[in-house]
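What follows is each chain in one-letter form.
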Amino acid sequence: MTDQSGTLTAPAQRPKSGRARGIGPYVRKYGAAGALVLLVVVASLTAENFLEVQNILNVLRQISIVGVLALGMTFVIITAGIDLSVGAMLTVVVVYTANTVQTMGVVPAIAVALVVGAFLGLLNGLGITLGGVQPFVMTLGMMAFAKGIALLYTQGRPIPITNEAFLQFGSGRTLGIPNPALVFLILLIVAWVVLRHSVFGRSVYAVGANEEAARLSGIPVKRVKCAVYVISGVMAGVAGILYASQLGVGTPVAGDGYELDAIAATVVGGTSLFGGLGTVGGTFIGAALLGVLSNLLNLTGVSPYAQNLFSGTLIVAAVMLQRRNSQGR
Amino acid sequence: MTHALVELRGITKQYPGVVALKGVDFDLRAGEVHALAGENGAGKSTLMKVLGGGVAPDAGEIRVGDQLVRLRSPKDALALGISVVHQELVSAPMLSVTENILLGRLPRRGGRVLWAAAHSQARAVLDRLNLDISERTEMSRLSLGQQQLIEIARALVRDTKILVLDEPSAILGQAELEVLYTVVDTLRRQGVGIAYISHRLGEVMSLSDRVTVLKDGVLQDTLLVEDLSEERLVTLMTGRELTAPVRSGIALDAPVLLDVQDLQVKGGRAPINFSVRAGEIVGFAGLVGSGRTEVARAIIGADRAPGRVYIDGDLLNRRNPRSSRRRGLAYLPEDRKDQGLLLHRSIRENIGLASLKTRSRWGLLRSSHDKADTQRHASAVGLKASDLNSNAATLSGGNQQKVMLARWLAASPTVLILDEPTRGIDVGSKSEIYRLMKELTDSGLAVVMISSEIEEILAMSDRVIVMRERRIVAEFAGDEISEEAVTRAAIVSTDQVSPGNPTPETNAPEGLSTIRGVVND
């Protein structure tokens, strides 16, 4: 910097603003992870059986449904969208599967469930891209609509599931890992590969970071936007199957409130609601953070009524920390 | 000499890893225009942020009048009569000019706005600046240049003695520049001290009384403008001279790569027709708002417009930018931050954006290939970045523009449309972009260069097409290209041209006799 004699060559060679980054990006990247580590330490000190393998696996199983929804939500939010209908889409899949799994067998029922999720997601995507409806409004409408389907289909009554093989899947384990947790972890890896290493993933980030730039660079913006809602719908389908096989009953209130849990996990994990930023790793940490907190409160015997106070505080605190330390976003 | 209004002494500001300012002195007197010159990253903006209270210096003192002051926030600075007009416009587009000028200080009584008083206050400020803009107009109906002037008007509503203008001219066209210069001159006469940041050397020379040159955060010199020449200024700023490379003339039998026929842009009264040969640079001159960007966007299919575009002889289906890109069209938009870059994504992602297909197999990116290809294009455009994984936002304007070029070169285009390729970037990067343009045309690309900088048009173009009011009004080639001819064609006012016969030839001043052919008639 002090070199004044070398002016003939290259004054522009130093990317001057490049290094003045501060700790902001690191907090965004590792803040939630740090909070998770902290919480785990606290948990292992206050609840002695917290660190037992069974308990950890139990936490993983508990977060798997919200976790799967949050994976789809991550794609949507990175494009600067939102999907409020995931809980209701999950409900549709739960009640539909509760019926079909007994009439057409496990595998066809699962296949149809995924198609139903994808179709509802596609409606969201088309309404947003071709219809020009804002994501918030479109998916709010879908939330009411899907809930209506579930109520009509069940006439408001829960449908018990008796198919043993299906129930076995939800409560069983593979290689010692609960099946729902295994499904979540596999989808996590797939989502990571897609976002991080595929043309589609790059396009998702580009659309969220700067839609006009993406369009002028030849990214098929509408197709990408449509696709993330389809992904979210499919994830709601998967989560619905996990729900039905774990709980063994299809009720029309199955997914109530899940959309908010999924959004919370995604945002706590560092995905920006303004789009363009976020990772599935972060979303996993976000889901784990909320799961561990709830587990800890259960183990220490805090009243379930008081638990919401903690999770609400955690969500706001985590996001505040990220905002304060990141520049401009 | 007049006593200084404000005096900055030994200002030092350090950011992690970078010294932004090192013991810089700067003072401003009543009734003077004091220009700040220097390349991007030289510390001009930081120094002005210190003056405006936006940045606290690590060392140094600030005196206003005779008093030592501490500016903890822009509010402190405003209270002392220091106003900063930033490069970015911050207006509220749906509100009236009055509301924008008086933003946050509309006269009111008992919760009701006194509109009559508000309008007359706004009118008074506009009159003070000799601006012929109605105070009741909605802001969004003004041109960018007029909006910029409203920003200045807003600063004057407060009792401003010291006005900082951060690159006010960067987005203005020739005619708007004249108005801006008049406004600045008017304020100078009224005794306002004006600190003026600019990349345009010509305007620094003609507008200012004194010039301070910064380089890498160090004060090079403060000089009276009489003691300075443009060459000396460039040498102080860079240690180099601004060079446009000498280009060999193009072959007349070179194939036509871009042929535009009967293109109807929105609001245009006549169809657009022109063509560009391989190895040719066609400069598009004209005022801001004359329709040049609209033509570019219509060509690549970003906006719908009737007409035909042929690429290398084949009709282009202008469905969207995607299909145009596949056929070898590249467009670098004028506003790289709003329309070009993913500011908060990595340089690597930014460069790869228009060529994802070649970087992948079965939809998955080939990581090593992607890295190598990105690196190759980054060095081909002379990008100076320590780490391709850092955000595009961390780069200087010049390097950001190089990222845009790298992105499009990676897409292997045959026709390159550059919209204001050197706006707001430093002299060093400018020279490099000119050199790249030469290399690209030498290798057989066709280039369309939209530019509001007349020097750039003159230096780089094989042919110049002038647009006014959304149609092509003149075309010059070779020796016919002159500053006077191009400028005149761009600004001959409408009332001089009768509607029935919109040819500039009929009523044009004598200087236009050099026009070779008038297109679109």
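The rules behind these values
- Residues numbered from 1 in each chain as written.
- Chains lettered and ligands numbered in written order.
- Predicted model: local features only at pLDDT ≥ 70, side-chain atom pairs only at ≥ 80, totals over all residues.
- Helix = DSSP H or I, 4+ residues; strand = E, 2+ residues; numbered from the N terminus.
- Buried ≥ 20, exposed ≤ 12 C-beta atoms within 10 Å, placed from the backbone.
- Contact = placed C-beta atoms within 7 Å.
- Pairing = 2+ DSSP bridges.
- Core = buried A, V, L, I, M, F, W, Y, C linked by C-beta atoms within 7 Å.
- Domains from an automatic or database assignment.
- Axes fitted to C-alpha atoms, helices over the stretch in contact; angles between N-to-C directions.
- Parallel < 35°, antiparallel > 145°, perpendicular 65-115°, else oblique.
- Left-handed = near helix turned anticlockwise from the far one by under 90°.
- Nonpolar A, V, L, I, M, F, W, Y, C, P; charged D, E, K, R; others polar.
- pLDDT = per-residue confidence, 0-100.
- Expected span 1.5 Å × (residues − 1).
- Arc of directions from axis to C-beta.

Undergrad: Run through the overall build of chain B, naming residues and quoting values.
TA: Helix and strand counts for chain B come out as 18 helices and 24 strands. Evaluated residue by residue, chain B yields a buried proportion of 50% over its 521 residues. Of the contacts formed within chain B by residues at least 6 apart in sequence, a portion of 69% connects residues at least 24 apart.

Undergrad: I'd like a description of the overall build of chain A, backed by residues and values.
TA: Of the regular secondary structure elements, chain A holds 13 helices and four strands. Counting every position in chain A, which comprises 329 residues, the buried fraction comes to 51%. In chain A, once contacts between residues fewer than 6 apart in sequence are set aside, the share between residues at least 24 apart is 80%.

Undergrad: Report on the sheet that holds strand β17 (residues 314–315) of chain B, specifying residues and quantitative values.
TA: All names here are of chain B. Pairing in this open sheet of four strands is antiparallel, and the strands run β14-β13-β16-β17 from one edge to the other. Of all strands in the sheet, those bounded by a partner on one side alone are β14 (272–277) and β17. Looking at chain direction, strand β13 (residues 256–263) and strand β16 (residues 308–311) are connected through four bridges and run antiparallel. If you follow Leu258 over to β16, its bridge partner there is Ile311.

Undergrad: Give a detailed account of the nonpolar core, specifying residues and quantitative values.
TA: Soluble globular proteins: nonpolar side chains tend toward being buried together. Residues Leu69(A) and Leu90(A) are the most contacted members of the largest nonpolar core, which totals 175 residues. Counting residues per element, this core draws most heavily on helix α10 (residues 221–247) of chain A, at 17 residues. Both of domain 2 (242–328 + 413–521) and domain 3 (340–411) of chain B provide at least three residues apiece to this core. Every residue in contact with Leu90(A), bar those within four places of it in the chain, is listed here: Leu69(A), Ala236(A), Ala239(A), Gly240(A), Tyr243(A), Ala254(A), Gly255(A) and Tyr258(A). Grouped together as the second largest cluster of nonpolar side chains are 68 residues, Ile101(B), Ala153(B), Leu207(B) and Leu214(B) included.

Undergrad: So what's going on with the domain arrangement of chain B? Which residues, and what values?
TA: Split into domains, chain B comes out as domain 1 (4–238), domain 2 (242–328 + 413–521) and domain 3 (340–411). Between domain 1 of chain B and domain 3 of chain B, the C-alpha centre-to-centre distance is 35 Å.

Undergrad: Please provide a residue-by-residue account of the sheet that holds strand β23 (residues 463–468) of chain B, values included.
TA: All names here are of chain B. Strand order in the open sheet made by the six strands is β18-β21-β22-β15-β23-β24, with mixed pairing throughout. Edge positions in the sheet fall to β18 (329–332) and β24 (471–477), since each of these pairs with one other strand and no more. This sheet shows a mean twist of 20° between the axes of neighbouring strands, independent of strand direction.

Undergrad: Would you mind going over the packing of helix α3 (residues 86–103) of chain A against helix α5 (residues 135–154) of chain A in detail, with residue names and values included?
TA: Residue and element names in this part refer to chain A. One can describe the packing of α3 onto α5 by two numbers: an axis separation of 8 Å at closest approach and a directional angle of 20°. One way to sum up the angle between α3 and α5 is to call them roughly parallel. Two packed elements cross with a definite hand, and for α3 against α5 that hand is left-handed. Counting all contacts with α3, which are made through Ala88, Met89, Thr91, Val92, Val95 and Tyr96, the residues of α5 involved are Met142, Met143, Ala146, Lys147, Ile149, Ala150, Tyr153 and Thr154.

Undergrad: If you had to explain unusual backbone geometry to someone new, which residues and values would you point to?
TA: A negative phi angle is the norm for most residues apart from glycine, just as the trans form is the norm for most peptide bonds. Positive phi, close to 55°, is recorded for Gln155(A), a residue that is not glycine. Topologically, Gln155(A) is positioned in the loop between α5 and β1 (159–160). Residue Arg470(B) is not a glycine yet carries a positive backbone phi of 65°. Note on placement: Arg470(B) falls in the loop between β23 and β24. Judged by local crowding, Arg470(B) falls into the buried class, with 20 C-beta atoms found within 10 Å.

Undergrad: Could you give an account of the packing of helix α11 (residues 258–268) of chain A against helix α12 (residues 280–299) of chain A, with specific residues and numbers?
TA: Residue and element names in this part refer to chain A. In contact at an axis separation of 6 Å, α11 and α12 are set at 120° when each is read in the N-to-C sense. Here α12 runs oblique to α11, going by the angle between their axes. Our pair here, α11 against α12, has a crossing hand that is right-handed. Residues Ala264, Ala265, Thr266 and Val268 of α11 touch α12, and the partners they reach there are Thr283, Gly286, Ala287, Leu289 and Leu290. Split into classes, the residues belonging to the contact of α11 with α12 amount to six nonpolar, three polar and no charged.

Undergrad: Let's hear about the environment of Met467(B): which residues, and what values?
TA: All names here are of chain B. Inspection of the secondary structure assignment puts Met467 in strand β23. The exposure class of Met467 is buried, given the 27 C-beta atoms found within 10 Å. For the pair Met467 and Gly289, spaced 178 residues apart in the sequence, the C-alpha separation amounts to 9.5 Å.

Undergrad: Give a detailed account of the confidence of the model for chain A, specifying residues and quantitative values.
TA: Summarising the model, chain A shows a mean pLDDT of 86, and 88% of its residues fall at 70 or more. Note that pLDDT drops below 50 for residues 1–21 of chain A; the model gives that stretch 40 contacts with residues more than four away or on any other chain.

Undergrad: An account of the pairing of β18(B) is needed here, citing residue identities and associated values.
TA: For a regular strand, the rule is simple: side chains alternate between the two faces of the sheet. Residues and elements named next belong to chain B. Of the two faces of β18, both are covered, the one formed by Leu329 and Tyr331 as well as the one formed by Ala330 and Leu332. As judged from the four bridges shared by β18 and strand β21 (residues 415–419), these two strands associate in the parallel manner. Bridge pairing links Tyr331 to Ile417 in β21.

Undergrad: Explain the pairing of β23(B) to me, and be specific about the residues and the numbers.
TA: All names here are of chain B. Among the six residues that make up β23, six are buried, leaving the element largely enclosed by the rest of the structure. Going residue by residue along β23, you find Arg463, Ile465 and Met467 tucked away on one face and Val464, Val466 and Arg468 tucked away on the opposite face as well. Sheet analysis places strand β15 (residues 281–286) next to β23, joined by five bridges and oriented parallel. Residue pairing across strands places Phe284 opposite Ile465, the latter belonging to β23. Both β23 and β24 contribute to a ladder of six bridges, which runs antiparallel. In the sheet register, Val466 faces β24, and the bridge partner there is Ala474. Counted along the chain from β23 to the antiparallel partner β24, the turn is two residues long, and its residue Glu469 has a positive phi close to 50°.

Undergrad: Lay out α5(A) in plain terms, naming residues and giving numbers.
TA: Residue and element names in this part refer to chain A. The terminal C-alpha atoms of α5, which comprises 20 residues, lie 28 Å apart, in line with the 28 Å expected from a rise of 1.5 Å per residue. Along α5, the positions that sit buried rather than exposed are Pro135, Met138, Thr139, Met142, Met143, Ala146, Lys147, Ala150 and Thr154. Buried residues in α5, looked at end-on, bunch into an arc of 165°, giving them a common side. Summarising the geometry of α5, the exposed residues directed more than 90 degrees from the buried face are Ala144 and Leu152. Residues of α5 that are buried sit in contact with α3, α4 (106–129), β1 and β4 (249–250). Positive backbone phi, at 55°, marks Gln155, one or two positions downstream of α5.

Undergrad: Can you tell me about the confidence of the model for chain B, naming the residues and giving the values?
TA: Residue and element names in this part refer to chain B. When pLDDT is averaged across chain B, the result is 83; 89% of the residues are at 70 or more. Per-element mean pLDDT across chain B ranges from 39 in helix α18 (residues 504–507) up to 95 in strand β22 (residues 446–450). Predicted confidence is poor over residues 493–521, with pLDDT under 50, and the contacts of this stretch with residues over four places away or in other chains come to 47 contacts.

Undergrad: An account of the environment of Leu418(B) is requested, with residue identities and associated values reported.
TA: Residue and element names in this part refer to chain B. Position of Leu418 among the secondary structure elements: in strand β21. By C-beta crowding, Leu418 is classed as buried, having 28 other C-beta atoms within 10 Å. The sequence separation of Leu418 and Ser140 amounts to 278 residues, and the corresponding C-alpha distance is 26 Å. Those residues in contact with Leu418 that lie beyond four places of it in its chain are Leu332, Val447, Val448, Met449 and Ile450.

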